[in-house]
Amino acid sequence: MIPEIGQFALILALFVALVQGTVPLIGAAQRRAGWMALAGTAAQVQFLLVITAFACLMHAYVVSDFSVANVAQNSHTLKPLLYKISGVWGNHEGSMVLWVSILALFGLAVALFGGNLPPTLRARVLAIQGLIGAAFLAFILFTSNPFLRLDPAPLEGQGLNPILQDPGLAFHPPFLYLGYVGFSMAFSFAVAALIEGRVDAAWARWVRPWTLAAWCALTVGIALGSWWAYYELGWGGWWFWDPVENASFIPWLVGTALLHSAIVVEKRDALKSWTVLLAILAFSMSLLGTFLVRSGVLTSVHTFATDPARGVFILGLLVTVIGGSLTLYAVRAPALRGGGLFAPVSREGALVLNNLLLTTGAAVVLLGTLYPLILDAVGGGKVSVGAPFFNATFVPLMLPVLLACTVGAMLSWKRADLGGVLERLKFVFLAALLVTAATAWLAGIGEVFAAFGLGIAAWLVLGSALELGNRIALFRVPFAESLRRAAGLPRAAWGMAIAHGAVGILVAGVTASSAWRSEEIWLMRPGDAVTVADYSLRFEGVESVRGPNYAAERGTFTVTRGGERVTTLASEKRRYPAERSDTTEAGILSTVGGDLYAVLGDRAPDGAWSTRLYFNPLVGWIWAGAILMAVGGVVSLTDRRYRVGAPRRAAARAAEAAPDTAGA
Amino acid sequence: MTRVRPAFVFPVAIFLALAAVFGIYLYQVGIGGKTVAELPSALIDRPVPDFSLPPIEGDGVGLASTQLTGQVSLVNVWASWCPPCRQEHPLLMRLAREGVPIYGINYKDKPDAAKAFLAELGNPFAAIGADRTGRVAIDWGVYGYPETFVVDRTGRIRYRHVGPIMPHDLKTRIQPLLRELGR
Amino acid sequence: MKRVAARLVTMFMLLLSAPALAVEPGEMLADPALEARARAISAELRCLVCQNQSIDDSNADLARDLRLLVRERLKEGDSDQQVVAFVVARYGDFVLLDPPFKATTALLWGGPALVFAAGLVGIAVWFRRRRAEGSEPAPLSADEERRLQALLDGDGSNPRP
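Residues numbered from 1 in each chain as written. Chains lettered and ligands numbered in written order. Predicted model: local features only at pLDDT ≥ 70, side-chain atom pairs only at ≥ 80, totals over all residues.

I keep staring at the environment of B:H161 and nothing clicks. Help me out?
Residues and elements named next belong to chain B. Considering the arrangement of structural elements, one finds H161 in strand β7 (residues 157–162). What makes H161 buried here is the crowd of 21 C-beta atoms within 10 Å. Along the sequence, H161 and R173 sit twelve residues apart, while their C-alpha atoms lie 9.2 Å from each other. If we ignore the near neighbours within four places in the chain, the residues touching H161 are E147, T148, D169 and I174. (Helix = DSSP H or I, 4+ residues; strand = E, 2+ residues; numbered from the N terminus. Buried ≥ 20, exposed ≤ 12 C-beta atoms within 10 Å, placed from the backbone. Contact = placed C-beta atoms within 7 Å.)

Structural data, given as structure tokens:
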């Protein structure tokens, strides 16, 4: 009964979405207030319907209703509750329902909080959201229906891949989708603006919060995925340039570029058509990612097992949405006249450089990901593009961005004094140079890249601190005055400093863990000890243990450092009988300085066990940096200037001052 | 009022070209039957690798590369622990009955298990070599099991099939090729 | 097509069903220099059954066999290039994680530089055109002139953006 309610809710939602997608557009073109206002109501109704469907699906999972085919294929009574819930989005059909739920959620947010938008813009934005929602609902209903029933219902489900039964991975998809779908807001705003024929500073001010929120979520989602891969997959890797990973990274790169170029539109009324293009591209890349993951054209450990028939539908969706919006762009964008001029050396110039490098980076990752597919399609044979390609092409593009970041944050608008800024940064530069030299001296001159990496990290962190210090005139005025200025600083300034500093932390983590990882591979018997970095690990032996839905061999290691006992690490080789598959869980000791990582291997015939022991310096800084970046974004979001009421108050004041121009 | 400027048309042009490629690829993978993950053999049109394998413990004389010239034949890499090998075996039996010479490379198998497999399902092989270490299979570029190669009269490899042979593959790929090579 | 997918899945599950550790102690060579070369070469070779790992990282049976093969060839005195060529002769270019520079991959390796150059050129052209057009904001209309005067004269509090 409940699955049928869910099914019905989805069908109704499709109709509502179609109405939401058409009526307000006509209303905006003909200036019919009632038709435009329908958009808000439709968005709210659509949200209610979609969330009902989502709740029905979740209910089926929680009570293990195996008469629903989707539940039978992906769940099991023995699974812990958390994973029954996360199992809802751990498969193709369920994840699509999550996708449309978030799409409807964003539409609802505009309906509820977008009261200060001009009615025509609001109507158009909601209409585009509605059309996108309709497309995806159609996709679900016609090719990926999660509510299909099985008759007779099996007594037990086929379970979920045990590798996915993990807290980190449970939340990875929701954050990712908040990001991907969040970019649909920027997309809708861009398309609505092209239809309106107007992009101005106010538009940018409305677009930025949505884009920022989506970007924060995507950052967290990617970080969670990477962190999960690190501790779950058993060899300490955290980024593989896998096609599906790349499919999430490309929208992130484009989204970062978009965030930066939107600033120029907002502050200087320039780079308009470029920003609109980026807004369209960010969501387009999300859609492309969806296509790659679900159509069967790529194989990867990440892909859902789907077939080309679905791929055709999604391709049709892509052509309509992306092709349509880019055609609109080709026709309308030339009419968007630019605003303020600026010199090449200026904050705008730095942001243009930022955009050039980030967009090229995104294009490079896209090229490497799609190249095998394109070559195979045109009959050029099969070629494999792995990590070496991306490391050789992507990393060099990022170096200039990181260097420019610190400088750019201190340049002024329109025309900047580069010499003056560099002068102010000279101590930061010296400090970074010192770090580089010290690292090279300590680690050996062969490690020059790693030394350079740490130097860049210092450059970013110290540069951000200096920029903040400058703003509050630290050490130039009494400390109390500085504190007062700090309290009065716009949140966006704090957000920027935190986010840029966080990038430095991330770079440090990436550099150290890549360059100075220690690895020890040994056959160990109980009582044997191996030294890794500063730690000594003594193997205590292996015992058999049981979990809620698995049986395991657990190896324990006593960890000492300088003679003092630090902790006990345990690594397990688990067997999940329901899914008939095995996983290896590593034992990890996480410290600020790095991770000690122990993995139990196979038993040798003579009773010894093969083990792999690692020390990964500063690896935790990678995810700390990523999360801190998202924190910076959230801090920026809380800036008063993005609050809902502010533009209305400004509009009211202007209306007071010049009543005869009200309504212009 | 709309003057088309080339720079603005680039994005949609690039996208449509990409979409066309995706469409072509979907067609190839869907209806065309191409497998995304299947790799072409690096040995097509090259002579079979030199090898000489012993028989499965005391059962025949083994298999050597010299036996693979002079006639059109199939070489099948199989093992008793491989369920898809079990799946395709009846087809191999049928081909053997039709007179196609089939040679087997038994991959990393225990002799007893291999012999039991053949006793149960029948032996379509004119000769079998036991590759206990798997090294000869690597020389053939084998990566998935089972694999079947079509070898022509001059001892060159003309086709490699990865995975169990299904009736569909037999009809559309293997039998036409065998006919073409003069079998 | 689902058949095909199912077949492949069966094949691969087969290969993963006997989990061995990547690079086991028993495989490692006694000579640390040779072992280091073996690890480096292994990191460049793709594991063909796992789709995105090197044979150094992979648990698969085939990966293990190839690791042993690499070490064997090194012990026999092959150079690094010879070992890689040995594997490529059997498995094709696809086994290389680093795509070779050939006619078919020219666009792949040349692509990044091309995109970057196109971007630079585009920016330069745009800059020059903006300068030539001299696009300052459009002149104020009479209406807006009055508003500006009113703001400048009367309402002194002009909040900074």
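Here the narrative resumes.
Looking at this model, I keep getting lost on the packing of helix α9 (residues 243–268) of chain A against helix α12 (residues 347–377) of chain A. Mind explaining?
Helix-helix packing: each pair is described by the crossing angle between the helix axes and the interaxial distance. Residue and element names in this part refer to chain A. Here α9 crosses α12 at 160°, and the two axes come no closer than 9 Å. If you check the angle between α9 and α12, you find them roughly antiparallel. As α9 packs across α12, the resulting crossing turns out to be left-handed. A breakdown of the residues in the contact of α9 with α12 according to their chemical character gives 13 nonpolar, nine polar and two charged. (Axes fitted to C-alpha atoms, helices over the stretch in contact; angles between N-to-C directions. Parallel < 35°, antiparallel > 145°, perpendicular 65-115°, else oblique. Left-handed = near helix turned anticlockwise from the far one by under 90°. Nonpolar A, V, L, I, M, F, W, Y, C, P; charged D, E, K, R; others polar.)

What am I meant to see in helix α8 (residues 201–232) of chain A here?
Two residues of an α-helix separated by three or four positions point the same way, owing to the 3.6 residues in each turn. Residues and elements named next belong to chain A. Along its 32 residues, α8 runs 46 Å from first to last C-alpha, staying within 8% of the 46 Å computed at 1.5 Å per residue. Along its length, α8 reaches its greatest deviation from straightness, about 25°, at V207, and the proline P209 lies no more than four positions downstream. Where α8 terminates, the next one or two residues include G234, which has phi positive at roughly 85°. (Expected span 1.5 Å × (residues − 1). Bend = angle between axes of the 7 residues up to and from the residue.)

Where do I start with the environment of A:L278 in this structure?
All names here are of chain A. For L278, the position within the fold is in helix α10 (residues 272–294). A residue is classified by how many C-beta atoms lie within 10 Å of it, and L278, with 26 of them, is buried. With 347 residues separating them in the primary sequence, L278 and G625 have C-alpha atoms 25 Å apart. When residues no more than four places from it in sequence are discounted, the contact partners of L278 are V254, A257, L258 and S261.

How should I be thinking about the sheet that holds strand β5 (residues 127–131) of chain B in this particular structure?
Across a sheet, paired strands are connected by hydrogen bonds in the backbone, their directions being either parallel or antiparallel. Residue and element names in this part refer to chain B. With mixed pairing, five strands are arranged side by side in an open sheet as β5-β4-β3-β6-β7. Edge positions in the sheet fall to β5 and β7, since each of these pairs with one other strand and no more. On average, each strand axis in the sheet is tilted by 20° relative to the strand beside it, whichever way the strands run. Looking at chain direction, strand β6 (residues 147–151) and β7 are connected through five bridges and run antiparallel. Its bridge partner being in β7, T148 is matched across the sheet by H161. (Pairing = 2+ DSSP bridges.)

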